[in-house]
Amino acid sequence: MSLKDISLPLYVTTSEHDPIADFFDPVLERASYYDVAVGYFSTAWLRDAAHGIAEFARAGGRARWIISPELSEDDFRALAVDGAPGGDRVDEIISRSYQELYSELTQRTREALGWLIIDGVLTFKIGIPRNRLSGIMHAKQGQFRDREGNRVGFLGSYNLTGGAGTNWEAFSVFCDWASEESTSRNDAIASSFERMWRGQDPNLAVHDPREADLSVFAEQARRSTRHYDLFPSAVSDGPCVPPHFLNNGRLRDYQEDGIRNWFKNNGKGILHMATGTGKTVTALTTITRLNEYVTSKQGELLTIIAVPYQHLAEQWAKEAREFGYDPILCYGGLSRWMNKAQSLLNDLRAKVRQQGMFIVVNASLRDRPFQTLIEQAPGHLLFVGDEMHNLGARNALASLPQNANFRLGLSATPDRAGDEEGTTELRRYFGQTVLEFGLDKAIQGGFLCRYFYYPILVHFDDEEQTEYDELSTQISKLFAQGEKPDNEEGSEALKRLLIRRARLIGKASNKLPALLELLRKQEDVHHTLVYCGDSKEEEKRYIDTALEQIGSGLRLRANKFTSQESNSERSRLLSQFASGDLQVLLAIRCLDEGVDVPMTQTAYILASSTNPKEFIQRRGRVLRRFPGKERATIYDFIVTPSPDLLEDKGVSNVERSLMRRELARFNEFAGLAENHGEALSKIRAIKEKLRLLDH
């Protein structure tokens, strides 16, 4: 049955109706998806709506709830940091909210709620007002959808509390099929909820519960079987693709093409997708469809997702839970995950469960405990390598599970720069490219925004030029002796020289004055990102010098985003950057892989390696779409030989080599820019002088 089969009132009041019996129960029985944002919530409402939620869960329903914690005036005063909630106090208050919720429940209700969380029926986020708003998140809106796409929305004074049936409460109901106005209202409710859920509402900070916040519910549930008092046999039908990723039941056409080609290639292949085009969603959808196939054949599937960094593992876990998975994060001390992982394998072996998921960082993937674990994996094994180019080093290649009969590689830059052997081995392991969706297609299709590209030409001073010449001479001698820096057994001396030369280019003294001049000319500095190098001058980092001159010198609200900041501090910085409270964010490498900054309007690249992986990833992050963002602007600081120097000493291989290094990035960036011709003309003269017009 669909939602269209119900006769619903247009306006529900507790004076004339029983909201549970007349609205929530019948709608929950027929709905597959339920999104709701409410100011107050209690498990008394779960008990009252037990029948409807039981049917919702049995049908494999998925609910996303944004709720508000109980906050005192002291809490809000403690949370106020430049008008926006942030810092460790948020984690403390949110954790306290879950602790209080847990303490108020009976054991049987804890088990019920715990299983609903484990099964992915319920996913929570906490909403706290910020910026222009204070008080609590007082939203009272929600929307149901069935598998046919029919929607029922509600909006009014009703809270999900046991007392809501005794208070005088009211809410309006909007059915898509009733009128165009109802459809428009449902569109508005859906859009509003998505902005809140994705953290794009500038006046509402949303926080995911930490694993520790929910673990007490899960632990309580796992001590029992699914014998809910409230929900007698509510068991999820398995993971599924969240509807907000779908249009008429499908992903975007190119994503569907990649998934179809992967299956045609017997479950092996590489998704070569530009940053920001949905490779995580494509991969999770692939996993879900494979899971559906394997389980339909009464088989078992273990999925292993390998990522380079812990923050990426956490992002994958967050999105995997949205699909209905219960991933085990395999990194850190063995005591944190080994017992849970071994228990999952036992369940798969005993056919108690049909699917499971490990998310592991590459360092743990290589360790013997994890290798021993996956050698025991029963049934079918799917290995997913995210940012797969990181797995091409010799020790990483040796850790790739050979017993994985399904393999999926993901990257915006699958080829390893300067390492043909590693690239070949990765392609041999993962298989052929089944989807090629580069930046050009992403921009043309409107999935990434268009951009202007301005090369800023700067020169070494005399001292820097002399040092560069000396380093280049030493490097050339080692190359002539057959040294290869990208070979793991290559010369450490060569690697050190190349790093010194790259840092010299990154910190060229003329770059910072040029940057400051550009910022002065920028009429309204906002959502501006500055990529710096990792060099030091007299023990002071270049990024600190740049921050000091931008912040104190130009009086712009700026901060740095590096590996030295804590996770909570990084979250606060990104939130302030998104809201506009922070005008300039300076980074070294922390934003290269996995950290999204879609709100960036203007990027200044002071330093970048010659590795395409780095500068292609950076450009993709800058070009992510964001509400109100039509175009992005990229300023690229390119070091060129001084014209005076060339007049004095003529063109040498050293000068040509310097320019070739910088031209690789220039050609890549200029090629797709809106002002392609203007960018080319800016650098044509120096290319002519160095006889590099064919580069």
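Keep in mind it's a predicted model, so treat the numbers as computed, not measured.

**Some words on the overall build of the protein**
No. 1: Each helix and strand in the protein was counted, giving 26 helices and 25 strands.
No. 2: For the protein, with 695 residues in total, the buried portion stands at 56%.
No. 3: For the protein, contacts bridging at least 24 residues in sequence account for 76% of all contacts bridging at least 6.
No. 4: Approximately 29,900 Å² of the protein is accessible, and the part contributed by carbon and sulfur atoms is 46%.

**A look at the sheet that holds strand 24 (residues 602–605)**
No. 1: Spatial ordering of the open sheet is given by 18-25-24-19-23-22, a layout of 6 strands whose pairing is parallel. Edge strands, defined here as strands with exactly one partner in the open sheet, are strand 18 (450–459) and strand 22 (558–561). The mean inter-strand angle of the sheet, taken between neighbouring strand axes irrespective of direction, is 20°.
No. 2: The sheet strands contacting helix 22 (residues 567–579) are strand 19 (528–531), strand 22 and strand 23 (584–587), and the helix crosses strand 22 at an angle near 135°.

**Observations regarding the sheet that holds strand 15 (residues 380–386)**
Strand pairing in a sheet is mediated by backbone hydrogen bonds. Such pairs are either parallel or antiparallel.
No. 1: The sheet built from 7 strands is open, its strands ordered 13-14-12-15-16-11-17 with parallel pairing. Both outer strands of the open sheet, strand 13 (328–330) and strand 17 (433–437), are each paired with one neighbouring strand and no more. Adjacent strand axes in the sheet meet at a mean angle of 15° when their direction is disregarded.
No. 2: Of the pairings in the sheet, the one linking strand 15 to strand 16 (residues 406–411) comprises 5 bridges and is parallel in character. If you follow D386 over to strand 16, its bridge partner there is L410.
No. 3: Sitting on the sheet, helix 12 (residues 334–349) is in contact with strand 12 (301–307), strand 13 and strand 14 (355–361), with an inclination near 150° to strand 14.
No. 4: Across the sheet, helix 14 (residues 368–375) is in contact with strand 12, strand 13 and strand 14; its angle to strand 14 comes to roughly 160°.

**Side note on the side chain of S2**
No. 1: For S2, the location among the structural elements is in the segment before strand 1 (11–13).
No. 2: Judged by its relative accessible area of 7%, S2 is buried.
No. 3: Beyond its immediate stretch of four places on either side in the chain, S2 contacts R30, D146, E148 and N150.

Conventions adopted
Residues numbered from 1 in each chain as written. Predicted model: local features only at pLDDT ≥ 70, side-chain atom pairs only at ≥ 80, totals over all residues. Heavy atoms only, no water. Helix = DSSP H or I, 4+ residues; strand = E, 2+ residues; numbered from the N terminus. Buried < 20%, exposed > 50% of the residue type's maximum accessible area, 1.4 Å probe, protein only. Contact = heavy atoms within 4.5 Å. Areas by Shrake-Rupley, 256 points an atom, 1.4 Å probe, with all protein chains shown as cover. Pairing = 2+ DSSP bridges. Axes fitted to C-alpha atoms, helices over the stretch in contact; angles between N-to-C directions.

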